[in-house]
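An overview of the molecular structure
What follows is the residue order along each chain.
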Amino acid sequence: MNSIILRSSIRRYATLPPHALKPALGAPNKAAADAFKQSLQAQKDHGEGTYKFWLKVSYLVAAPAILLTAANTYFVEKEHAEHRKHLAHVPDQDWPRDYQYMNCRYKPFFWGDGDKTLFWNPVVNRHINHDD
């Protein structure tokens, strides 16, 4: 008896309503499908044209600009290197004195000799001693 009641209750709740067996979207719309395909093709064509445009800009504008900037940087740095060679021969006494607010160190750095910064470069930076 219990199994019959159980089976009937399962059948009652397991059957689908009539609207569940009908197609959800109805008949397909051919005009909308064609319009969608055309919009996809237009996007593809636009993307291809844009890609070609930016490729040309990269090769014809950006690459020469980078090369000109590199050449300019080379010549400027060459002048700086010559100037550094000249300044290497200037004695410390002829070097300008620092103002009070420059190079203030209230305690030494915990690396090296305690007077040079972490990014000290002996080729570019100069340690000037004004012992009077």
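The sections below set out a description of the structure shown in this document.

Calculation notes
- Residues numbered from 1 in each chain as written.
- Predicted model: local features only at pLDDT ≥ 70, side-chain atom pairs only at ≥ 80, totals over all residues.
- Heavy atoms only, no water.
- Helix = DSSP H or I, 4+ residues; strand = E, 2+ residues; numbered from the N terminus.
- Buried < 20%, exposed > 50% of the residue type's maximum accessible area, 1.4 Å probe, protein only.
- Contact = heavy atoms within 4.5 Å.
- Phe/Tyr/Trp six-rings, centres within 6.5 Å; stacked < 30°, edge-to-face > 60°.
- Lys NZ or Arg CZ within 6 Å of the ring centre and 35° of its normal.
- Expected span 1.5 Å × (residues − 1).
- Bend = angle between axes of the 7 residues up to and from the residue.
- Salt bridge = Lys/Arg side-chain N within 4 Å of Asp/Glu carboxyl O.
- 1 Å grid on protein atoms, 1.4 Å probe; cavity = no way out; pocket = protein on both sides within 12 Å on 5 of 7 lines; lining within 4 Å.
- Points joined across faces, edges and corners; volume = space filled by probe spheres on them.
- Nonpolar A, V, L, I, M, F, W, Y, C, P; charged D, E, K, R; others polar.

1. Some points on the overall build of the protein
Looking only at helices and strands, the protein has two helices and zero strands in total. By its C-alpha atoms, the protein is 115 × 55 × 20 Å across when sized along the principal axes. Scored against the burial criterion, the 132 residues of the protein give a buried share of 2%. A sequence separation of at least 24 residues applies to 53% of the contacts in the protein between residues at least 6 apart.

2. Thoughts on the packing of aromatic side chains
Taken as a whole and assessed by the stated rule, the structure comprises four aromatic pairs. Ring geometry for F110 and W111: centres 4.9 Å apart, planes at 80°, overall edge-to-face. Here a set of aromatic residues connected by ring pairs shows up, and it is made of F109, F110 and W111. Residue placement shows K116 over the ring face of W120; its charged tip is 5.6 Å from the ring centre.

3. Overview of helix α2 (residues 30-87)
Side chains three or four residues apart in an α-helix point the same way, a direct result of the helix having 3.6 residues per turn. In this model α2 runs 81 Å from its N-terminal to its C-terminal C-alpha over 58 residues, within 8% of the 86 Å that 1.5 Å per residue would give. Most pronounced at S58, the bend in α2 amounts to some 35°.

4. Details of the pattern of salt bridges
What the rule picks out here adds up to two salt bridges. Residues E48 and K52 are paired through a salt bridge, measuring 3.6 Å at the closest nitrogen-oxygen approach. Placement of the pair is E48 and K52 together in helix α2, with a separation of four residues, close to one helical turn. Here K52 falls in the partly exposed class, since its relative accessible area comes to 44%. Between K116 and D113 there is a salt bridge, with its nearest N and O atoms 3.0 Å apart. With relative accessibility at 53%, the residue D113 sits in the exposed group.

5. Considerations on the layout of surface pockets
A water-sized probe, rolled over the atoms, reveals where empty space remains. Here the largest pocket is characterised by a volume of approximately 690 Å³. In this structure, the largest pocket is lined by 22 residues; those nearest its centre are W95, W120, R126, H127 and I128. Of the residues contributing to the lining of the largest pocket, the split by class is 10 nonpolar, six polar and six charged.

6. Topic: the environment of S58
Position of S58 relative to the elements: it lies in helix α2. Here S58 falls in the partly exposed class, since its relative accessible area comes to 37%. For S58 and A31, which are 27 residues apart along the polypeptide, the C-alpha to C-alpha distance reads 41 Å.

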